[in-house]
Amino acid sequence: MRIRLVHRSISTLVPLGCILVLLLNGCTLTLLNVPGLNSSTSTPGQSSGPTATPIPAAAVTFRVALPSPLLAGETLSLSVVDEVTGLGLNAVTYAMQGMDSLHYTVAIPFPLNSIIKYRYIRQGTIPFQENDSFNKPVRYRMYAVTGPGAADDVIASWSDGSFSSPSGRLTGQVLDASSNTPIPDILISAGGQQTLTDSTGAFAIENLPVGTHNLVAYAIDGTYQTFQQGARIEAGQRTPVTISLTPAQMVNVTFTISVPADTVQNTPIRLAGNLYQLGNTFGDLQGGLSTVATRMPVFSPQPDGLLTLSILLPVGADIRYKYTLGDGFWNAEHNTDGTFIVRQLIVPASSGPIQVKDAIQTWQAGTSSPILFEASIPAITPASDIISIQFNPYGWTEPIPMWPQGNNKWVYELYSPLDMLGDFQYRYCRNDQCGVTDDLQTSNGQLGRLVSTSLVPQDLQDSVSTWNWLQAPPPSTLMGVPVTTRQGFTAGVEFLSGYNPTWQAWTSLAIQDVKGRYANWLVVDPSWTVGQTEPFVFSPVPGVDPLWADTLDTVSRARASNLNVALFPAVNLPGDLNSFWSSAPRDATWWNSWFERYAAFADYHADLAAKAGAQALVLGGDWVTPALPGGQINGTSSGVPADAHARWQTIISDVRSRFGGSIYWATSYPGGLKVVPDFAATLDGIYLLWYAPIAGSDVDHIKAAAGQLLDTDVQPFQSSLKKPVILAVAYPSADNAASASLPVSSLFQPGGSQGPVNLQIQADIYQALLMAVNERPWLAGFVSRGYYPPAVLMDASASIHGKPAADVLWYWYPRFFGITP
């Protein structure tokens, strides 16, 4: 069947130099509307672009309360943002009318069943964006258009002010209406704040201004119908809500497109869209973007010259999308007048497949001619690598995969949006990891290569002589040592926890490499982020933490490779560990919040481990030490509640009820053995985070130093606890690595400044430690920590990916199982 489409195109063009307003305003680039990048002002009721079979519209009245009256000469606007192109890159603004000095309104028609994403802008000499009640920029608010209606909003503060008014909190749970089961990772929007539901469907939004707010519950993959209602917040009070979401029926949609004649043949054309499965991360990424090219589905060419893509989409979902040779901003389709195209599809119910047929008008924008980038790369570049190009028009944006030509040559033709650029920078990198895996010429904070737009076509032929952190593998000799076969031995690799949405595309290759080391375990480190210390806000943040579906995908791929999987959930703190705990109020109210959120964190990952089919879950780690019974901070009491032991026992009991696999407690060495809680005896083992000084002049001396520590400290601890101990090791590939003199956090910074690179010393440490483990049958396993999944990296970090230490594992791991490769 054919369906109804809306094409939205924006036409106003302003010089790129207007972006300087961002710097003057002190706003976050990823959030503020960027003047000059196809933003426009619209009059309510005015058509926003050409349409095909128009969708019926309904008027929505937006009413907003201000924190204080506007200044003389200022106006108020509502800005409808475009998450496919970039939140600040293609907004449509609507002037609002004052009802009195503190209340403004505007009525705008939108297509029925649209999901509107918007925020408010105060316009004076320069624009000021609204902030939330934590004085952070509002990403966007949401409104579901189900018919004529109204949205009531309260602006907490502006980017040039701060919030200091009475507030309350909104809490709730989201359930599946058909099964009454909780739904994780539902996006909750209210009062300019956003959060995701946990595995119990629960959510909390703190510090909301007093007043009525529009509450929206939205499935990021569209698989549930959107929920919306008003929520009244009172000072110092909690507003509870229970939300039931109706599952959406899925239907197969086939997109068929024709492309302009000047499209380079055999280049990947992607579908960029506003849903998770269309490349939207729902996070604030580089340069104000939210989509990642490598996460988008790719079209297949057909014999007739057309391209097709079939994908399951949810009935009733509001799909905003475009076709692209890059991402939602770079090299995306345009109107012939140079403006962006954002298409809209309200997915209809259908008994059969749905056909969507579109013609791409042009890839170009304006009179500037395309620029062809040709890069010759070093022969030592791993054959599995993809070369990426990254552009810097006003700040670095997300990398784009280039097109392979064979013989170590990659190309990329940039068509748009060149109309808004003059001079801009670019750089090459491997596997989208620009800033880490760069061309040496543009690495370590150096400026990118410079290019200017032109009315005539350009062909830039560049040569990458050397990649940063990649060189020919040094010669290494594996020391042949008899290895004692172990039953049930854990031979593992732990992925780095510093997640980036671009990593997901390279997970399969990383898992294959880990499997090639004969590992039998993969430890995956999903994370949550502490967004606020007081009140304590702790939840997954899109773009920073892997979403529920991301971790499920990683574990599924590992299990398909016959690897056992353990989840070791991590935390992203707003500063360093000591600063976090020292700045926390740690009064009774705060501790209650901490234990409540940590319990949700533990339950979430227990549920995730169970859902994914993982075999183990690792809890604990250094960051929870002050919250343990008798906890201390810098040698003084942390003020942890007297009933901390009982609270931890409840947490462990809840985790056990949710997850039937093994549960380990993580603690660091040296130092951590002294603070292992009593309840660890009820768990299945200890995951010992080993970064101890074991300096020696050669492998034998390092082995002896390690053996002495194991025998003196760890063995008595293991014998007393009577639980398996797995040695989880992290050492940098840097001079003096064995002295363990660097901060632990620095070990896990790819491309960081851990010191002069010394790949061999890391391999020697691994060899020495495995020799020591081989002689101590009471040790239950060995895990290499800090593996950098997206790329081989011969830097000084703890990652062994592509380093000689990985070859050491290749020798030892199979022999622990009686296998000789």
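Conventions we followed
Residues numbered from 1 in each chain as written. Predicted model: local features only at pLDDT ≥ 70, side-chain atom pairs only at ≥ 80, totals over all residues. Heavy atoms only, no water. Helix = DSSP H or I, 4+ residues; strand = E, 2+ residues; numbered from the N terminus. Rg over C-alpha atoms; globule rule 2.2 N^0.38 Å. Buried < 20%, exposed > 50% of the residue type's maximum accessible area, 1.4 Å probe, protein only. Contact = heavy atoms within 4.5 Å. Areas by Shrake-Rupley, 256 points an atom, 1.4 Å probe, with all protein chains shown as cover. Lys, Arg positive; Asp, Glu negative; His and termini not counted. Charge placed at Lys NZ, Arg CZ, Asp CG, Glu CD. Pairing = 2+ DSSP bridges. Axes fitted to C-alpha atoms, helices over the stretch in contact; angles between N-to-C directions. Disulfide = S-S within 2.5 Å. Phe/Tyr/Trp six-rings, centres within 6.5 Å; stacked < 30°, edge-to-face > 60°. Salt bridge = Lys/Arg side-chain N within 4 Å of Asp/Glu carboxyl O. Expected span 1.5 Å × (residues − 1). Polar contact = N/O pair within 3.5 Å; in protein donor to acceptor, adjacent residues only side chain to side chain.

A. Spotlight on the overall build of the protein. The secondary structure content of the protein amounts to 9 helices and 48 strands. Computed over its C-alpha atoms, the radius of gyration of the protein comes to 28 Å, within 12% of the 28 Å expected for a compact globule of 821 residues. Taken along the three principal axes of its C-alpha coordinates, the protein extends 80 × 65 × 55 Å. For the protein, the residues scored as buried account for 60% of the 821 residues in total. Intrachain contacts of the protein at a sequence separation of at least 6 include 76% that bridge at least 24 residues. Summing over all exposed atoms, the protein offers an accessible surface of approximately 29,400 Å²; the carbon and sulfur share of this is 52%. One finds the centroid of the 42 positive side-chain charges in the protein at a distance of 5 Å from the centroid of its 60 negative side-chain charges.

B. The sheet that holds strand E16 (residues 193-196), seen in detail. If you trace the 4 strands from one edge of the open sheet to the other, you get E16-E15-E18-E19, paired in antiparallel fashion. Each edge of the sheet is formed by a strand with only one pairing partner; in this case those strands are E16 and strand E19 (227-233). Pairs of neighbouring strands in the sheet enclose a mean axial angle of 25°, with direction left out of account.

C. Region of interest: the environment of Trp690. Tracing the chain through its elements places Trp690 in strand E46 (residues 685-690). A relative accessible area of 1% means that Trp690 is categorised as buried. Taking the C-alpha atoms as reference points, Trp690 and Ile726, separated by 36 residues in sequence, lie 9.6 Å from one another. Leave out the neighbours within four places in its chain, and Trp690 touches Tyr669, Ala706, Leu709, Leu710, Val714, Leu727, Ala728, Val729, Ala730, Tyr731 and Leu769.

D. Expanded view of the state of the cysteines. Applying the stated rule across the entire model yields 1 disulfide. For Cys429, the disulfide goes to Cys434, at an S-S distance of 2.0 Å. Taking the sign of the S-S torsion, about -75° here, the bridge from Cys429 to Cys434 comes out left-handed. We note that Cys429, like Cys434, is buried.

E. Structural view of the pairing of strand E26 (residues 341-346). Burial analysis of E26 places 6 of its 6 residues in the buried class, which makes it a mostly covered element. Of the two faces of E26, the one holding Ile341, Arg343 and Leu345 and the one holding Val342, Gln344 and Ile346 are both buried throughout. One ladder, built from 4 bridges, connects strand E25 (residues 318-324) with E26; its direction is antiparallel. Considered in E26, the bridge of Tyr321 is made with Arg343.

F. Quick peek at the pairing of strand E34 (residues 449-452). Every second residue of E34 is oriented toward a common face, the buried set being Arg449 and Val451 and the non-buried set Leu450 and Ser452. The pairing of strand E33 (residues 423-430) with E34 spans 4 bridges and is classified as antiparallel. Note on E34: the bridge partner recorded for Tyr426 is Arg449.

G. Molecular detail of the sheet that holds strand E8 (residues 103-111). Taken in spatial order, the 4 strands line up as E7-E8-E4-E12 in an open sheet, and their pairing is mixed. Of all the strands in the sheet, just strand E7 (97-100) and strand E12 (149-154) have a single pairing partner and so form its edges. Strand-to-strand twist in this sheet, taken as the mean axis angle between neighbours without regard to direction, amounts to 30°. With 3 bridges connecting them, E7 and E8 associate as antiparallel partners. The residue of E8 that forms the bridge with Gly98 is Tyr104.

H. Just the packing of aromatic side chains, in detail. Going through the model one piece at a time under the given rule, you end up with 57 aromatic pairs. Ring geometry for Trp403 against Tyr412: centres 4.8 Å apart, planes inclined by 50°, an arrangement best described as tilted. When the ring of Trp591 is compared with that of Trp594, the centres are 6.2 Å apart and the planes differ by 70°; the resulting orientation is edge-to-face. Placement of the pair is Trp591 and Trp594 together in helix H5 (residues 588-612), with a separation of 3 residues, close to one helical turn. A relative accessible area of 1% means that Trp591 is categorised as buried.

I. Layout of the pattern of salt bridges. Following the criterion strictly, the structure yields 31 salt bridges and no others. Taking the shortest distance from any N to any O, the salt bridge between Glu234 and Arg232 comes out at 3.2 Å. According to the relative accessible area criterion, Glu234 is partly exposed, its value standing at 37%. The partner of Arg658 in a salt bridge is Asp607, with the nearest N and O atoms 2.9 Å apart. Within this pair, whereas Arg658 is found in helix H6 (residues 644-658), its partner Asp607 is found in helix H5, the two being separated by 51 residues in sequence.

J. Structural context of helix H8 (residues 759-774). For H8, spanning 16 residues, the distance from its first C-alpha to its last is 23 Å, which sits close to the expected 22 Å at 1.5 Å a residue. Within H8, 14 of the 16 residues are buried, which leaves the element mostly enclosed by the surrounding structure. A distance of 3.2 Å separates the backbone nitrogen of Gln760 from a side-chain oxygen at the start of H8, and that oxygen is part of Asn758.

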